[in-house]
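# A closer look at the structure
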Amino acid sequence: MASCATVKAHAKYFMGILTVLREASNDESKELLATNVIEQTKGREIVLSSHQIASKVIENLLEFCSDETLGEYQEAFKADIRSLCLNGFSSHVLEKLISISAMRYLTKNSVEDEPPEKKIKTEDGIPPGNLSQSKSFVETCSKFLLNNLEEFVWDSYANHVIRTCLTTLSGRILEEKVPIPGEWTEMFKEYVARLRDWPFFADFPYQELTSGLLQFLIQALARVDKNTLKSIGGFFTEPNTSETPEEDQESPSKLHKLFSTESSIRFLEVLISVAGNKLFTKIFLRLFQGNFKELSLLKSANFSVQKLLDNMKNKDEFNICFTELEPHFAEILQTGHTGIILALCLACKRLEINQNQFIKHGQFSSLNEILELDDFGVKVLEKFCQSIVQDSSEAGGGREAAAVQKTSQILTPKLTEEKRNKVRSLCSVQVGIDSVSWCRMELQDEEDPSIVTHWQYFSLNSKKSHLSDLTQMIMHVNQLIPDTDAFVLETPITRQASPAVNATQIAVNVRQSQIIAMMTLILSLRSQDFNPCVFFLKTYLAARLFGTLVGKERTSSLNTVSQILASGTSNEAPDKKSEIAPKGKIITDPDVLAKYQAADGVQKEYMGRCLMLGVCCLRLSLLKCPTSLSIVNRKSK
């Protein structure tokens, strides 16, 4: 009983510290807080770092610790690096400690306008004081992870610690370039050599965990060793090879296998962004030339085309791309991939080429053919053409205008006033291609923000599963989703049949529709007193409210969600002050927040969209916030 009481006391203490930390106004007060709190953790550094709430407090306070206090944590963590790496909470603290140790060593060991050999050193050549201890801690952790690489690569927590080590050893932890110790460079190269020698290395891009590691690796290589980056990039972009002729018959598509999974596509996008001129040309010729139309019409691969256009510098390569895409502008727009046209538009402006063809010689039989496309009206067309000749700030305004639509009914079915007043909790459900995410919020009193009590991502792995298997998975998801007064989903996108949509895309759309239909039915059966309890928010409305919509393409939600989590309010209108009622703001339970922070990039994106969906419904339908309503109802000027 005493032990249980002690745990509760610790939890209450650190919850209070989290509240004080949010309210701290300057670095000086945070440094004082860090000194007092870290003093209470002496002798229990590893135990408390493995606690859900305490770990978050320690992680946030480490950067405000003195060098002496930081050194005490470094010594304590060296005693049990393995358990720290494999724990979902302490691994985040370890990552933060490695990063801070590296930053302090690199910045303090770098004296402006002086070469490294002139820096202050002791007689044995080791930097004085805590600099040596910080350098030693980074090397100890990196070496331990390197020695256990084959095991830790497959662990979801240790994998992220490896990524941090790659970032620090390469110097990417700092934006500016500073001298890197030779030992760090050699250890980084050993990481690269060990990974490349693995027989599984060729499969890294196709799994979420290893794809993320590979993305960090190539970004670090862009800073340290561009020749090795070119070699690895060439390895992964080698033309497809099949072991048997039967495989060719089963997969008749000529697209490179890097376009086969979301994980590999994200790796490819990062590779494009860091590639030098020779590697970029190799990627262009091997993966994209001759395939621009097909890639632009695919839901997942069209983002790779946008990334290629955004980073294209060679006018001859752009000419090839433009020639392939020009006859298919109408098909691309009808598919809803307006980001492709926008990227082409901006590339024409940046490279000063094909501007007249873009405006005057698109393959449309008449203006009506464009105006009949969904959500592509006269105002959007005017902004769209002006973006070529106007400044980038004006082009950004055009993109925002493309997202503005007149809002009619926000929820379907309509939420009556009587039911609206009864809603005390809301759960948003985000259905992905093969996943379901949910976020439950509880509404508090008028002066208190709403609380996120549940926030989770669940992978269905349903792409090749039978309908009966999918049904069982949906029933399992239903058991995981908590009870609430009302559920909200986003209205699915409906598209007319078109030759531009291939069989793969049709299969994906059908499977996603099956998941939404099952979820709607099974959630509707939950409530007997509050019917209907399942509502659909208008398509793209959440993205429009939070400014994450460009044309018909959503941009990443991570920055917006970070602002919500950091301040308890969203950044709906970056140029204006938003007046949101306290209940329209949200706070998150520390345990819930830890689940989000432990998720990988793809999971975070879907969880972020789910949070935005719930907050949007909360502000527009339940609270009818005037500021939020004005944002989604405003017209293009």
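To start, this report covers the structure provided alongside it.

So, how was this worked out
Residues numbered from 1 in each chain as written. Predicted model: local features only at pLDDT ≥ 70, side-chain atom pairs only at ≥ 80, totals over all residues. Heavy atoms only, no water. Salt bridge = Lys/Arg side-chain N within 4 Å of Asp/Glu carboxyl O. Helix = DSSP H or I, 4+ residues; strand = E, 2+ residues; numbered from the N terminus. Buried < 20%, exposed > 50% of the residue type's maximum accessible area, 1.4 Å probe, protein only. Lys, Arg positive; Asp, Glu negative; His and termini not counted. Polar contact = N/O pair within 3.5 Å; in protein donor to acceptor, adjacent residues only side chain to side chain. Core = buried A, V, L, I, M, F, W, Y, C linked by side-chain atoms within 4.5 Å. Domains from an automatic or database assignment. Contact = heavy atoms within 4.5 Å. Expected span 1.5 Å × (residues − 1). Arc of directions from axis to C-beta. Pairing = 2+ DSSP bridges. Axes fitted to C-alpha atoms, helices over the stretch in contact; angles between N-to-C directions.

### Topic: the pattern of salt bridges
The final tally for this structure, using the stated rule, is 19 salt bridges. Notably, a salt bridge pairs Lys42 with Glu72, separated by 3.6 Å at the nearest N-O pair. Within this pair, whereas Lys42 is found in the loop between helix H2 (27–40) and helix H3 (45–49), its partner Glu72 is found in helix H5 (residues 67–78), the two being separated by 30 residues in sequence. A relative accessible area of 28% places Glu72 in the partly exposed class. In this structure, Glu139 engages Lys135 in a salt bridge whose closest nitrogen and oxygen atoms are separated by 2.7 Å. With Glu139 and Lys135 both in helix H8 (residues 129–147) and 4 residues apart, the pair spans about one turn of that helix. Comparing Glu139 with Lys135, the two get one shared label, buried. Each of Glu39, Lys42 and Glu72 takes part in one network of salt bridges that share partners.

### A word on the side chain of Asp600
You can see Asp600 is positioned in the loop between helix H31 (590–598) and helix H32 (601–622). The charged side chain of Asp600 is buried without a salt bridge, its nearest counter-charge being Arg163 at 6.4 Å. At a separation of 3.3 Å, a polar atom in the side chain of Asp600 contacts the main-chain amide nitrogen of Val602. Side-chain polar atoms of Asp600 contact the backbone nitrogen of Gln603, separated by 3.0 Å.

### Things to note about the environment of Val632
Position of Val632 relative to the elements: it lies in helix H33 (residues 626–633). By relative accessible area, which is 1% here, Val632 ends up buried.

### Here we look at the nonpolar core
One broad trend across soluble globular proteins is that nonpolar side chains are buried collectively. Residues Leu94, Tyr191, Phe288 and Phe318 are the most contacted members of the largest nonpolar core, which totals 111 residues. Residues from two domains meet in this core; each of domain 1 (1–111 + 130–197) and domain 2 (289–386) gives at least three. The contacts of Phe288, once residues within four sequence positions are left out, are Phe259, Leu268, Ile272, Ile283, Leu295, Ser304, Val305, Leu308 and Glu324.

### What about helix H27 (residues 467–480)?
Within an α-helix, residues lying three or four positions from one another point in the same direction, as the helix has 3.6 residues per turn. Here H27 is 14 residues long and its end C-alpha atoms lie 20 Å apart, about the 20 Å a rise of 1.5 Å per residue gives. For H27, every residue scored as buried is listed here: Leu470, Met473, Ile474, Val477 and Asn478. Along H27, the residues classed as buried sweep out an arc of 150° about the axis, all on the same side. Seen from the buried face of H27, the exposed residues on the opposite side, beyond 90 degrees, are Gln472 and Gln479.

### Thoughts on the sheet that holds strand S5 (residues 486–490)
Here 7 strands make up an open sheet; going across it, the order is S1-S6-S5-S2-S3-S4-S9 and the pairing mixed. Since the sheet does not close on itself, it has two edges, and those belong to strand S1 (411–412) and strand S9 (586–588), each with one partner. Sheet strands in contact with H31 are strand S4 (450–459) and S9, and its direction is about 35° off that of S4. Docked against the sheet, H32 engages S1, strand S2 (425–431), strand S3 (435–442), S4, S5, strand S6 (534–537) and S9, running at close to 140° with respect to S2.

None of this, on its own, says anything about what the molecule does.
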